[in-house]
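The chain contents come next:
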Amino acid sequence: MQYFSGRFKEKASNLILDFHSTIKFEERLAYYDVMGSIAHVRGLGKQGIIPLEDSKLIEKTLREILEDLENGKIKLLVEYEDIHMNIEKNLIDRIGDIGKKIHTGRSRNDQTAVDLKLYLKDEIKKIQSYLIEIIEILNKLAKENKKTFMPGFTHLQKAQPICFSHYVLGYVEMFRRDHQRLENCFDMMNASPLGSAALAGTSYPIDMEYTSKILGFSRPVWNSLDGVSDRDHVIEIISDISIIMVHLSRFCEEIILYCSNDFGYLELSDSFSTGSSIMPQKKNPDAAELIRGKSGRVFGDLMGILTTMKGIPLAYNKDMQEDKENVFDALDTVKACFAVFNGMIKTMKPNKEKMLKACYNGFINATDVADYLTNKGMSFRDAYKIVGSMVSYCIDNNKTLESLSLDEYKNFNNLFEKDIYSEIDIENCIEKRTSIGGPSEKSIDKHIEVVDKFIDEKILELKNYKLNEIF
Ligand code: ARG
């Protein structure tokens, strides 16, 4: 920083340079920093704050710097502290005094705020594309598995029969909400801080509406103090990612469980499994475990930024540069998890036989026996009690509800007739549940249609997305 300063008589200690510097992890912002700088100098030129030719030369040189950065021709240096100063230093080295005009009417405080928002907006679209991909994979599984029957659980105890489509569509809804949450986050951060300068705006006749528009924001921020010190969007995106990680982690937990010998409902492809160094028989769902584990570090990133922000007075304070490693880590983690998770789900096979077999122990059609009596006029509570004693009888005599004779049924209640057997048939139990969001084919088909429409809409939105027209 002292390279630009006349204030200091002594050189900064290497310790302090190194401690302050964000350049080690900030290279990914170069593209957005150049974008923000181009908008700023175009604005300066348009308003006659600097000559138009100077603004054009600065833009041309910034584009060359970006190209050189991308080709590894520029070494980013700790002594220039951050991405903003490294690029500015390069600019001045290349075009001298004209380059020195770029920082007219702006500060690194609005610069870093604008860079990060531009970057996060693009990142949101990347995560959304992973979400659309997983929703597509799950919706395909749902289409193929309407007749793959399995037990549904509460308290991890077999509860009522469902189908595999119903199961995966539960996750589809979580991921659809995640998509919407990120969209909300995008809209909330969509105000340009460029022009807030250090904290109090600027006396130069800048045109914030113009720079906001060409950067692709929907409007400039309404308060310059807030413009430079707001990091709500960082907190919000890591919160959204944390919720995604909760969903991935829950799914992974079930994959691990369902891949175990005792369940065997699912089988992962060999290419997404690992072996053991000692036990030759092992096929471990390590990837699912690692995703479940990585949720912890993302929650840590969220706690980090929340704690950093909670005591910061207005406006910019140096603490705030701690936002970057947290948010970069959360973004990198969720993207890496999705890449693996989506591949794992795409190649995973449901074991229809094992799932069906599991439907025949655990009395998962007991509710249907009670419903049978209720439909014949008995109150549900009385029916519930009778079926409870039937289950107890079955446990004592090692029987299932399907294997009781009609006489045994009648011993419990005379309302039972021969049709009880078809009433408690697993498929029938599922197909009767036609309520919205239920497991019947009718309900599933309706849901799949909604999801198909959602996917088409979101793919189109993503195809038409462009951050702005600067590049
Ligand atoms: N690298 C800094 C950050 O990430 C940029 C802003 C620095 N501003 C300042 N006044 N020191 O937050």
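Scroll up to find the structure this text is about.
My aim in this report is to walk through the structure given alongside it, one point at a time. None of these values were measured; they are calculated from a predicted model.

**Some details on the overall build of the chain**
- Of regular secondary structure, the chain possesses 18 helices and six strands.
- In terms of C-alpha radius of gyration, the chain reaches 30 Å, well past the compact-globule figure of 23 Å for 471 residues.
- Dimensions of the chain, computed from the C-alpha atoms along their principal axes, are close to 100 × 50 × 40 Å.
- A total of 471 residues make up the chain; the buried ones form 50% of that total.
- Here the analysis covers contacts within the chain between residues at least 6 apart in sequence; of these, 77% occur between residues at least 24 apart.
- Of the charged side chains in the chain, 62 are positive and 72 negative, and the gap between their average positions amounts to 1 Å.

**What to know about the pattern of salt bridges**
- Evaluated as defined, the whole model comprises 34 salt bridges.
- Residue Arg42 pairs with Glu59 through a salt bridge whose shortest N-O separation is 2.9 Å. Linking Arg42 in helix H2 (residues 30-46) with Glu59 in helix H3 (residues 52-70), this pair joins segments that are 17 residues apart in sequence.
- Using a relative accessible area of 24% as the deciding quantity, one classes Arg42 as partly exposed.
- The partner of Glu144 in a salt bridge is Lys140, with the nearest N and O atoms 3.0 Å apart. Of the two residues, Glu144 and Lys140 are both situated in helix H5 (residues 108-144); the distance of four residues between them amounts to about one turn of the helix.

**Digging into the pairing of strand E2 (residues 157-163)**
- Pairing of strand E1 (residues 149-154) with E2, which is carried by six bridges, proceeds in the antiparallel orientation. By the bridge assignment, Pro151 is partnered in E2 with Pro161.
- Hairpin connection between E1 and E2: a loop of two residues separates the two successive antiparallel strands, and His155 in this loop has a positive phi of roughly 55 degrees.

**Observations regarding helix H14 (residues 380-397)**
- When the terminal C-alpha atoms of H14 are compared, their 25 Å separation across 18 residues agrees well with the 26 Å that a helix rising 1.5 Å per residue should span.
- Listed in full, the buried residues belonging to H14 are Ala383, Ile386, Val387, Met390, Val391 and Cys394. Here the buried residues of H14 occupy an arc of 145 degrees about the axis, which is enough to place them on one side. When the buried face of H14 is taken as reference, the exposed residues oriented beyond 90 degrees from it are Arg381, Tyr384, Lys385, Ile395 and Asp396.
- Buried residues along H14 sit in contact with helix H13 (366-375) and helix H15 (406-412).
- Following H14 by one or two positions, Asn398 has its phi on the positive side, about 55 degrees.

**Topic: the site of the ligand**
- Every residue lining the ligand is accounted for by Thr22, Glu26, Asp82, His84, Arg108, Asn109, Thr112, Tyr316, Gln321 and Lys324.
- Separating a nitrogen atom of the ligand from a side-chain N or O atom of Asp82 is a distance of 3.0 Å.
- Measuring from an oxygen atom of the ligand, one finds a side-chain N or O atom of Lys324 at 2.5 Å.
- Taking 350 Å² as the accessible area of the ligand by itself, protein coverage stands at 87%.

**Comments concerning the packing of H3 against helix H4 (residues 83-95)**
- Interaxial distance between H3 and H4 falls to 10 Å at its minimum, and their mutual angle equals 120 degrees. The handedness of the crossing between H3 and H4 is right-handed. Counted together, Leu57, Ile58, Thr61, Leu62, Glu64, Ile65, Asp68 and Leu69 of H3 and Ile87, Asn90, Leu91, Arg94 and Ile95 of H4 form the full contact between these two elements.
- A per-class count over the contact of H3 with H4 returns eight nonpolar, two polar and three charged.

Conventions and cut-offs
- Starting from 1, residues in each chain are numbered consecutively following that chain's sequence as written.
- For this predicted model, a pLDDT threshold of at least 70 governs which residues receive local features, and a threshold of 80 or more governs which side-chain atom pairs are given and counted, while totals over whole chains, interfaces and linings are taken from all residues.
- No hydrogens and no water enter the side-chain calculation; it runs on all heavy atoms of the structure.
- Numbering of helices and strands runs from the N terminus, with a helix taken as a DSSP run of H or I at least four residues long and a strand as a DSSP run of E at least two residues long.
- Two things to know: the radius of gyration comes from C-alpha atoms, and the globule rule equals 2.2 Å times the number of residues to the power 0.38.
- Per-residue accessibility, obtained with a 1.4 Å probe over protein chains only, is compared with the maximum for each type, and a residue is labelled buried under 20%, exposed over 50%, and partly exposed between these values.
- In what follows, a contact means two residues having at least one pair of non-hydrogen atoms within 4.5 Å.
- For the purpose of counting charges, residues Lys and Arg are taken to be positive, whereas Asp and Glu are taken to be negative. His and the chain ends are not included.
- To locate a charge, take atom NZ for lysine, CZ for arginine, CG for aspartate or CD for glutamate.
- The salt bridge definition used is simple: a Lys or Arg side-chain nitrogen within 4 Å of an Asp or Glu carboxyl oxygen.
- Whether two strands pair comes down to DSSP finding at least two bridges between them.
- One less than the residue count of a helix, multiplied by 1.5 Å, gives the span that helix is expected to have.
- What the arc measures is the spread of directions leading from the helix axis to the C-beta atoms.
- Neighbouring residues are identified by heavy atoms, a residue being near a molecule or strand if any of them is within 4 Å of it.
- Pairing of N or O atoms within 3.5 Å defines a polar contact, subject to two protein rules: one partner must be a possible hydrogen donor and the other a possible acceptor, and residues neighboring in sequence count only if both atoms are side-chain atoms.
- Reported accessibility uses the Shrake-Rupley method at a 1.4 Å probe radius. Residues are deemed covered only where the shown protein chains occlude them.
- All axes are obtained by fitting lines to C-alpha atoms, using only the stretch in contact for helices, and the reported angles, taken between N-to-C directions, cover 0 to 180 degrees.
- Crossing handedness is read from the near helix: turned anticlockwise from the far helix by less than a right angle, it gives a left-handed crossing, and turned clockwise, a right-handed one.
- In this classification, the charged set is Asp, Glu, Lys and Arg, the nonpolar set is Ala, Val, Leu, Ile, Met, Phe, Trp, Tyr, Cys and Pro, and all remaining amino acids, among them Gly, are polar.

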